[in-house]
Amino acid sequence: MSNQKKRNFQIEAFKHRVVVDPKYAEKTWKILEHAIHEIYNHNASGLSFEELYRNAYNMVLHKFGEKLYSGLVTTMTAHLKEISKSIEAAQGDLFLEELNRKWNDHNKALQMIRDILMYMDRTYIPNSRKTPVYELGLNLWRDNIIHSGKIQSRLLSTLLELVHRERTGEVIDRGLMRNTIKMLMDLGSSVYQDDFEKPFLEVSAEFYKVESQKFIECCDCGDYLKKAEIRLNEEIERIAHYLDVKSEAKITNVVEKEMIANHMTRLVHMENSGLVNMLLDDKYEDLGRMYNLFKRVPNGLSMIRDVMTSHLRETGKQLVTDAESSKDPVEFVQRLLDERDKYDKIICQAFSNAKTFQNALNSSFEYFINLNSRSPEFISLFVDDKLRKGLKGVSEEDVEIILDKVMMLFRYLQEKDVFEKYYKQHLAKRLLSGKTVSDDAERSLIVKLKTECGYQFTSKLEGMFTDMKTSQDTMQGFYANHPELAEGPTLVVQVLTTGSWPTQPTITCNLPTEMAALCEKFRSHYLGTHTGRRLSWQTNMGTADIKATFGKGQKHELNVSTYQMCVLMLFNNADRLSYKEIEQATEIPASDLKRCLQSMACVKGKNVLRKEPMSKDIGTDDAFFVNDKFTSKFYKVKIGTVVAQKESEPEKLETRQRVEEDRKPQIEAAIVRIMKSRRVLDHNNVIAEVTKQLQSRFLANPTEIKKRIESLIEREFLERDSDDRKLYRYLA
Amino acid sequence: MGIQKDTVKFNVGGRIFQTTATTIANAGRDSFFGALFDDNWDLRQQQQQPNSRQEFFIDRNPDCFAVLLDLLRTGDLYIPSNVPERLLYREAMFYGLTDHVRSAKWGPFDGNRLKLSRSVTGRAPGDGTAIRAGPDGGCCVAHGSMVHVFDWMLEEHPPINLDYQRVNDIGWINAENVLISACERLGKGDGGMGLFSSSTGDLRHKFNVVHDDQIKSFTAGALGFSPDYKIFASCKGRSNEYGIGVWDQVTGKQMDFFYESPGWYLGDADKLQWLNGSNCLLVATLFPRKDNCYISLLDFREKRMVWSWSDIGAPLTIDEKRVRDAIAMEECNSICVVNEYDDLGFIDLRINGGSVRWSSRSRLLKGKLPDEPCYPKLALHNGQLFSSMNDCISVFCGPDWVLTSRLRRSYGGSICNFSIGGDRLFALHSEENVFDVWETPPLPVI
C-alpha cells in the first residue's frame, strides 16, 4: 500500500522470466541422491517410483541434465568405493562370495537407478553423447572394483588357484566361479580377456608343459594319448561350465600345443607302443584316439600318414620280395589281400575313412606290388585258383567281394598287359579243361576288367567264351549228322579261333587209331560246313575219360589228359613198354611225355602204371607196366598231370619276351596317334604323352619308346626336324 | 466369474483409470510402466495384498493418459480434437511410449494408399535444394546454405549450416546424424562435408580429402551411402582432384578416391546410388549441369568403371528429349531414366553402351509448362517407382511400370525434390517454402 502512496513509478520488465526456485535443482537432486543411497542400502521399499521418476524427468526438462548426470557419477562412485573396501576386507574364501554378492547388489541397484533415470537415458544422454546409465554403472564397477589395486591381483590369483585345484582333482564351487566369470564378461570382452583369459592361458600352458613332460616319461603312447584326451575333454567341459565359449578354441589350442604338438614325434616313434606297434597290433581304439588328437594340430595327420606309409611300404616290400611267400602264388596274393583288409579296417575304424589316408594306402600298395615283377602272374593265378575250386559253395555276393578285391590289386599293377597275358593262359586252361566253377563269376570278372581297361583289353577274352559256345553247337551238329557214332568213343572238340587263345605251337601227337578216325570224321564235317578254314589239333590241351579194368577185376573210370590217354591206350596191346617205345608210338614231346608218365607212375594213389626201376624221375631207359595192384576207393579217378602251376624260369622269360614283343606295336600305334594329331612334337613330350596313353595297360619304357620312334623314322612315318633334332614331324 | 486379480488402478492428475496388468505390459520393460511394475519396486506385492487395493498416483495430464492407455489397449492411436498433438507427444515422451505412438500414427508405406498428412512451411528465403527423409519419420530440408531438421513429430530442431556455404546435398547416417555436402570457400578451407547431430545441430565431424598426403579443401556434391558403413561423395578440388571420395562412417577417415578420367565426369555428379547386388556405385552426371549425360557404374574394389552410358553423339530428336534423372533398378537389370516430358526410359545394365528405350507414355504437357519448370526426379521404393513432374508425383507399379496413382497438391509451385523414408514421403516445393508429408493411414478397423 505504501508504494501506492509514494506513487513511485517503477518500470517493471515487460515480462518476468519464469524462474524456477534457484534451489529447485539442488532440492530435487537431494531427493534423488537420497533414493540412490537407500537403494544401495537395501532400503528401497519406502521409495515412490512415480515421484522419483517425475523428479528426474523434471530435472532434465528444466535443463539440469548435466547436474543430474554428474551427481549420479559422484554418488555411484562413492558407493562403489565403500563396496570396494568391504570386498577387500573379506577373508580367504569369502572374498569371491563377497565380490559376487556385491556385484548382484550393484546390478540390482543399477537397474533401479536406470528405471528412475529412464527419461535422462532416453533424451539427455544421446544428445550430449554421454554414456548410458547402465553402461556407466558397469564402467564404474570395473574402474573402482575390478581394477582397484588390491582386488585386481587377488581376484586373478583366486580364480587361477581355483582352476588349478580343479585340475588337480579337487571339487570347487563352480556356480561361484561361473558368476564371477560372467561378471567379467558382462564388463566387456576386453575385461574378461585382459583380467582373466590371457593369464589363464599362460598358466595353463605352463601347467600342461610340466604335466606332459611327466606323462611322457612314464607312460606308453596309448596311455599318454588317453590322458591327453581326458585333459582336453576336461578343458572343454570347463568352458561349458563356467568360461566364455569363445575361450574354447584358445584353451584347447594350448592343450593341443603343449600335450600333442610338442611331443608328436616322440609319441609316434615311441618304442614298443608307438604308431607302428599300434598298426601291428590292430589297436583301433588307440589309433582312433591318436587320429582325433593329432587332427587338431598342424602336420599331425601328415605325420601319422607318413609313418604309416613308410611302415606299410616296408612290410609290403618284405612281403613281395620274400622268397618264401613267392613259392605259393595263392598264399602270396592272399597275404596281400589280408594286408589290405587290415589297413582298410584301420583307416575305416580309426582314421574316419579319411581320403588322404586311403590315397596313402593305395600309393603304398602300388609301390610295393610292382616291386615284384611276378605280381601280375600271381594275381592271375590267384583268380585261377579261386575260379577253379576256391569259390565252390560260396554265395554270389561273396564271389563279388572276392573279385572286387582282386580288381583292387589289379588296379595297382603297372604292367596290366602282363596280367592280361597270364590271365588269358589261365582262362584258356580253365575253359578247355572245363574246370571253371562258375560261368557267372568268370563273366563278372571280365565285365570288371572291361570297365577298368576298356573294350580292347577284354575282346579276346570274350572271344574265348564265344568259341566255347559255338563249339558246343558244332558238336551237337556233328553228332546229329552222324547218328552212327552214338556207339563207341565220344569225341568232344573245341574249335578255337586263332589269335583269341594263347597259341602254343605244338606237334600233334599220334592218336590211337579209333580216335584218329573219329577226328578225321569231325574234320571233314567241320570243313564241310565252314569253307575256307583250317583245323589243327592241339592235343596238348585235351582231356579224356577212359574206362579201365585192373588185375582183380575192379573197374575204374580214369580222367586223364589226351597225352595220358594215348599212352594208356598203348597198354591195351602190350604189358610192358619201354620209354623209347612209348615215345616212338605217340610222338609226344619229351618233356610232356616225361611229365605225363611221372603223373601215372610215380604219384601215390594215382599210379595206374608201374615203372622199373622204381624211382621218382623218369629215365629214358625205364620200362612201364600196367599196375595190376592199383586200388582206389573211388570209381572215378582223376589223374592230374604234374604241371608246373607257376611258370618255370625259362617260361617266364619267354612270356616276358612275348609281352615285350606285344608292346612294340602298341607303343608304335600310340606314337602315330599322337603325332597324327600334333603333327610336330619334341622328344620329351612324345615320351610323356605315350606314357600317359599307355598307362592303363603298362608302364612304357622310355628307351623302348625311343627305339620305336627310330623304327618309325626308318619306315618314314616320322622325320626329324632339320633344324631342331629333338623335334619330330609326322609324315602323312 | 472370479475376481480379476490383475486389475490395476491409476489416479492420473485426479482422474481414476482402471486397467489390467496385461494391458500395461504392452508398454514394454523400457517404459515408465515397465519399471513401475518391475519386481525391484515391489509394487505388485502391495497390490496383491488383500484390502490394500491401492491406486497409483501419477502427476500427469489425464486426457493424454486416456489416449495413451487406449493405445496400449488396442494398438490404435486416436487423438481427440481437444488434445493437442504436441502435448500428447510430450506425455508419450514422459512415459517412454513415443515408439508406440509413432508406429500407430501411420502405417507401412504403400505408394497407392498415401494421404497428405501435413504441409509444413518454413522461413527460408532461398529456393529449396533438397529434402531427405530420415529413418524414423523425420526429415531435413536444404535451402541455400541452411539445413532445417524436423523430427518425426515434425518439430523443428536447431538449423544446421556448414560455414554458411551453399549446401549441395544432404543425407541421413542414422536417426541421430545428418551429413551435409557444401561448396568450398576459396582459400579458407571452409565448406566440404560435415556430420551434424540432428537433434542439437552440433558439428560432430568434418571430413577431409587428402591428395598426395596433403589435406585439400574441396566442394562436395551428390552423396551416396552403402550398408557397409561407407560414405561416397562426388568431389571437386581446385586442381585435378575431381572424382568420387569414399569415407568410413565410423571413423570418419577417407578410405579411397576414384579420380575421374578425361572426358568423363564424376566430380560434379547429380546423383550417386549404391547398388548392393553388384557392389557398385552408380554415378550420374546429367544435362544441364554438363552438355551431355554420363551414367556409369564404378567398382571400387578393382578401381574400374564396369558399365557406362552417355548420350554423346546420339542424334538429337526434334523434341530434344534429354535424360534428367536416373535410378538403377537392380532387380530388372536396368536403369530407369526420365526426361523433361516425364517420359520414362530404360537402359539395359547387362549391355555396355546400349541405348535408352523410351516408353511411349507421352503426356502432352507442351504449351502449359509452368514459369519455373522443375526437372523431374525419380525414386524407387519396395518395387514402386515414383516420378515427380511439376506439382505432382506419379506412382508406377508392376513389371511394365503402369501408372497407378498420382499425388498432387496444387500449392507451393512445382516439386523440386522429394524423398521416401521412415514410411513417409516428403515433397519439397520450389516456389513457396513448403513441404508436404504423405503417409499411409493405418489399416481400416475391419
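Given the structure is predicted, the values throughout are model-derived calculations rather than measurements.

The rules behind the values
Residues numbered from 1 in each chain as written. Chains lettered and ligands numbered in written order. Predicted model: local features only at pLDDT ≥ 70, side-chain atom pairs only at ≥ 80, totals over all residues. Heavy atoms only, no water. Contact = heavy atoms within 4.5 Å. Buried area = accessible area lost by both parts, 1.4 Å probe. Salt bridge = Lys/Arg side-chain N within 4 Å of Asp/Glu carboxyl O. Pairing = 2+ DSSP bridges. Helix = DSSP H or I, 4+ residues; strand = E, 2+ residues; numbered from the N terminus. Axes fitted to C-alpha atoms, helices over the stretch in contact; angles between N-to-C directions. Buried < 20%, exposed > 50% of the residue type's maximum accessible area, 1.4 Å probe, protein only. Parallel < 35°, antiparallel > 145°, perpendicular 65-115°, else oblique. Left-handed = near helix turned anticlockwise from the far one by under 90°. 1 Å grid on protein atoms, 1.4 Å probe; cavity = no way out; pocket = protein on both sides within 12 Å on 5 of 7 lines; lining within 4 Å. Points joined across faces, edges and corners; volume = space filled by probe spheres on them. Nonpolar A, V, L, I, M, F, W, Y, C, P; charged D, E, K, R; others polar. pLDDT = per-residue confidence, 0-100. Phe/Tyr/Trp six-rings, centres within 6.5 Å; stacked < 30°, edge-to-face > 60°. Lys NZ or Arg CZ within 6 Å of the ring centre and 35° of its normal.

## Details of the interface of chain A and chain B
At step 1: Facing 22 residues of chain A, the contacting portion of chain B comprises 23 residues.
At step 2: When the two sides are added together, the surface that chain A and chain B hide from each other amounts to roughly 2,000 Å², 58% of it contributed by carbon and sulfur.
At step 3: The tally of links from chain A across to chain B stands at 2 salt bridges.
At step 4: Note that Arg-29 of chain B and Asp-115 of chain A form a salt bridge whose closest N and O atoms lie 3.0 Å from each other.

## Section: the sheet that holds strand S8 (residues 718–720) of chain A
Residues and elements named next belong to chain A.
At step 1: Across the sheet, 3 strands lie side by side as S7-S9-S8; this open sheet has antiparallel pairing. Of all strands in the sheet, those bounded by a partner on one side alone are strand S7 (680–682) and S8. On average, adjacent strands in this sheet sit at an angle of 30° to one another, irrespective of strand direction.
At step 2: Bridge count for S8 against strand S9 (residues 727–730) is 3 bridges, and the pairing is antiparallel. Looking at the pairing, Leu-718 lines up with Tyr-730 of S9.

## Structural notes on the environment of Leu-116 of chain B
Residue and element names in this part refer to chain B.
At step 1: Mapped onto the elements of the fold, Leu-116 is located in strand S4 (residues 115–121).
At step 2: Counting along the chain gives 321 residues from Leu-116 to Val-437, while the straight-line C-alpha distance between them is 6.0 Å.
At step 3: When residues no more than four places from it in sequence are discounted, the contact partners of Leu-116 are Arg-409, Asp-436, Val-437 and Trp-438.

## Quick look at the pairing of strand S16 (residues 230–236) of chain B
All names here are of chain B.
At step 1: Burial analysis of S16 places 5 of its 7 residues in the buried class, the great majority of the element.
At step 2: In this structure, the hairpin formed by strand S15 (residues 219–226) and S16 is closed by a connection of 3 residues, where Tyr-229 is found at a positive phi of approximately 60°.
At step 3: Inspection of the sheet shows S16 paired to strand S17 (residues 243–248) by 6 bridges, in the antiparallel sense. By the bridge assignment for S17, Phe-232 is matched with Val-246.

## With respect to the pattern of salt bridges
At step 1: The tally for this structure, following the rule as stated, stands at 76 salt bridges over all chains.
At step 2: The closest approach of N and O atoms between Asp-169 of chain B and Arg-132 of chain B, which form a salt bridge, is 2.8 Å. Of this pair, Asp-169 of chain B sits in strand S9 (residues 167–174) while Arg-132 of chain B sits in strand S5 (residues 128–133), placing them 37 residues apart in sequence.
At step 3: Across the pair Asp-311 of chain B and Arg-322 of chain B runs a salt bridge whose closest N-O atoms are separated by 3.5 Å. A residue pair is termed long-range when its members are at least 10 positions apart, and Asp-311 of chain B in the loop between strand S22 (304–310) and strand S23 (323–329) and Arg-322 of chain B in the loop between S22 and S23 qualify at 11 residues. For the pair Asp-311 of chain B and Arg-322 of chain B, a shared accessibility class is recorded, and that class is buried.
At step 4: One salt-bridge network, held together by shared partners, links Glu-166, Arg-167, Arg-174, Glu-235 and Arg-238 of chain A.

## What to know about the packing of helix H8 (residues 149–167) of chain A against helix H9 (residues 174–186) of chain A
When two helices pack together, their arrangement is captured by the angle between the axes and the distance separating the axes.
All names here are of chain A.
At step 1: For the pair H8 and H9, the least separation of the axes is 12 Å and the interaxial angle reads 140°. With respect to each other, H8 and H9 are oriented oblique. As H8 runs across H9, the sense of the crossing is left-handed. Facing H8, whose interface residues are Leu-155, Leu-159, Leu-162, Val-163 and Glu-166, H9 presents Arg-174, Met-177, Thr-180, Ile-181 and Leu-184.

## Points about the environment of Asp-545 of chain A
Residue and element names in this part refer to chain A.
At step 1: Mapped onto the secondary structure, Asp-545 falls in strand S1 (residues 543–549).
At step 2: Taking the C-alpha atoms as reference, Asp-545 lies 4.6 Å from Asn-559; in sequence the two are 14 residues apart.
At step 3: Setting aside anything within four residues of it in sequence, one finds Asp-545 in contact with Glu-557, Leu-558 and Asn-559.

## So, empty space enclosed by the protein
All names here are of chain B.
At step 1: The tally for this structure, following the rule as stated, stands at 5 cavities of 30 Å³ or more.
At step 2: Taken as a whole, the largest cavity encloses approximately 60 Å³ of empty space.
At step 3: Taken together, Val-120, Thr-121, Gly-122, Arg-123, Val-141, His-143, His-148, Phe-150, Glu-156, Asn-433, Val-434 and Phe-435 make up the lining of the largest cavity.
At step 4: Breaking the lining of the largest cavity down by element, the ones donating at least two residues are S4, strand S6 (139–143), strand S7 (146–150) and strand S33 (434–439).
At step 5: Tallied by class, the residues present in the lining of the largest cavity amount to 5 nonpolar, 5 polar and 2 charged.

## Observations regarding the confidence of the model for chain B
At step 1: Here chain B averages 86 in pLDDT, and 91% of its residues register 70 or above.
At step 2: For this predicted complex, the interface confidence comes out at an ipTM of 0.81, alongside a pTM of 0.69.

## Regarding the packing of aromatic side chains
At step 1: Evaluation of the coordinates by the stated rule reveals 51 aromatic pairs over all chains.
At step 2: Pairing Tyr-53 of chain A with Phe-94 of chain B gives two aromatic rings, centres 4.9 Å apart and planes at 85°, and the pair type is edge-to-face. Taken together, the residues Tyr-53 of chain A in helix H3 (residues 49–61) and Phe-94 of chain B in helix H5 (residues 85–95) connect one chain to another.
At step 3: Given a relative accessible area of 0%, Tyr-53 of chain A falls into the buried group.
At step 4: Just above the ring of Tyr-265 of chain B sits the side chain of Lys-290 of chain B; from NZ or CZ to the centre is 4.6 Å.
At step 5: Residue placement shows Arg-424 of chain B over the ring face of Trp-106 of chain B; its charged tip is 3.5 Å from the ring centre.

## A few points about the packing of helix H30 (residues 683–694) of chain A against helix H31 (residues 702–714) of chain A
Residues and elements named next belong to chain A.
At step 1: Closest axis-to-axis distance for the H30/H31 pair is 10 Å, and the angle between their directions is 115°. In terms of axis orientation, H30 runs roughly perpendicular to H31. Relative to H31, the crossing made by H30 is right-handed. Along the contact surface, H30 presents His-683, Val-686, Ile-687, Val-690 and Thr-691, while H31 presents Pro-702, Ile-705, Lys-706 and Ile-709.
At step 2: Partitioning the contact of H30 with H31 into residue classes produces 6 nonpolar, 2 polar and 1 charged.

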